[in-house]
Amino acid sequence: MQVKLTGPLRSAVGGLAVVESNAQTIRELFLQLSKQHPEFADAVKVGVAVAINGEIYRDVWSTAIPADAEVVLLPRIQGG
């Protein structure tokens, strides 16, 4: 599947706008990206939201990712 990255998350993966993944869950996706791009691990610590087919998930890393899903990673917006 293709995973799109927005904003500062692109710099955490070497400037790429899209990466390929075969992850089946959000946790697997984060682990794969952190292994391939160590700077991405720091981004995860700050906060990353995941949109799967337009629905945003935060802190639900066990969520399954369908093989044909549209996946977008977004920097987490801190609210207050």
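Computed from a prediction, not measured in an experiment: that's the story for all the values here.

Asks: How would you explain the pattern of salt bridges if you had to name every residue and give the values?
Replies: One pass over the full model with this rule turns up one salt bridge. Residues Glu70 and Lys4 are paired through a salt bridge, measuring 3.7 Å at the closest nitrogen-oxygen approach. Of the two residues, Glu70 is situated in the loop between β4 (55-57) and β5 (71-75) and Lys4 in strand β1 (residues 2-5); the sequence distance between them amounts to 66 residues. Classification of Lys4 as partly exposed rests on a relative accessible area of 38%.

Asks: Pulling in residues and values, what's your account of the environment of Val19?
Replies: Structurally, Val19 can be placed in strand β2 (residues 18-20). A C-alpha to C-alpha distance of 5.8 Å links Val19 and Gln2, two positions 17 residues apart in sequence.

Asks: Hey, could you go over the packing of helix α1 (residues 26-36) against helix α2 (residues 38-46) for me, with residue numbers and the actual values?
Replies: Helix-helix packing is described using two parameters, namely the angle between the two axes and the distance between the axes. Axis separation between α1 and α2 bottoms out at 5 Å; the angle between their running directions is 135°. Looking at the two axes, α1 sits oblique to α2. Counting all contacts with α1, which are made through Phe30, Leu33, Ser34, Lys35 and Gln36, the residues of α2 involved are Pro38, Phe40, Ala41 and Val44. Class assignment for the residues of the contact of α1 with α2 results in six nonpolar, two polar and one charged.

Asks: Before we move on, could you go through the packing of aromatic side chains and cite the residues and values that matter?
Replies: Inspection of every chain in the model, using the stated rule, returns two aromatic pairs. Relative to Trp61, the ring of Phe30 lies with its centre 4.9 Å away and its plane at 90°, an arrangement referred to as edge-to-face. With Phe30 in helix α1 and Trp61 in the loop between β4 and β5, this pair connects stretches of sequence that are 31 residues apart. Look at Phe30 and you get buried, because its relative accessible area is 3%. An aromatic cluster of three or more residues is present, and its members are Phe30, Phe40 and Trp61.

Asks: With reference to specific residues and values, describe the environment of Asp59.
Replies: Here Asp59 is to be found in the loop between β4 and β5. Residue classification places Asp59 among the exposed residues on the basis of a relative accessible area of 54%. On a C-alpha basis, the gap between Asp59 and Ile26 in space is 9.3 Å, while along the polypeptide they are 33 residues apart.

Here is what the cut-offs are and how they apply
- Along each chain, residues carry numbers from 1 onward, in the same order as the chain's sequence is written.
- Local features in this predicted model are restricted to residues of pLDDT 70 or higher, and side-chain atom pairs are both shown and tallied only at a pLDDT of 80 or more, whereas totals for entire chains, interfaces and linings draw on every residue.
- Only heavy atoms go into the side-chain values, all of them from the structure, while hydrogens and water stay out.
- Definition used for salt bridges: Asp or Glu carboxyl oxygen within 4 Å of a side-chain nitrogen of Lys or Arg.
- Runs of H or I in DSSP of at least four residues are treated as helices and runs of E of at least two as strands, each being numbered from the N terminus.
- The buried label applies to any residue whose accessible area, calculated with a 1.4 Å probe on protein chains only, is under 20% of its type's maximum; exposed applies above 50%, and partly exposed to all values in between.
- Note on geometry: axes are lines fitted to C-alpha atoms, helical ones only across the stretch in contact, with angles between N-to-C directions running from 0 to 180 degrees.
- Roughly parallel here means an angle under 35 degrees, roughly antiparallel means over 145, roughly perpendicular means 65 to 115, and every remaining angle is called oblique.
- Residues count as neighbours in contact if any of their non-hydrogen atoms are within 4.5 Å of one another.
- Residues were grouped as follows: Ala, Val, Leu, Ile, Met, Phe, Trp, Tyr, Cys and Pro as nonpolar; Asp, Glu, Lys and Arg as charged; and all remaining residues, including Gly, as polar.
- Here the aromatic set is Phe, Tyr and Trp, taking the six-membered ring for Trp, and pairing holds for ring centres within 6.5 Å; pairs whose planes are under 30 degrees apart are stacked, those over 60 apart are edge-to-face, and all others are tilted.

Structural measurements only, silent on function.
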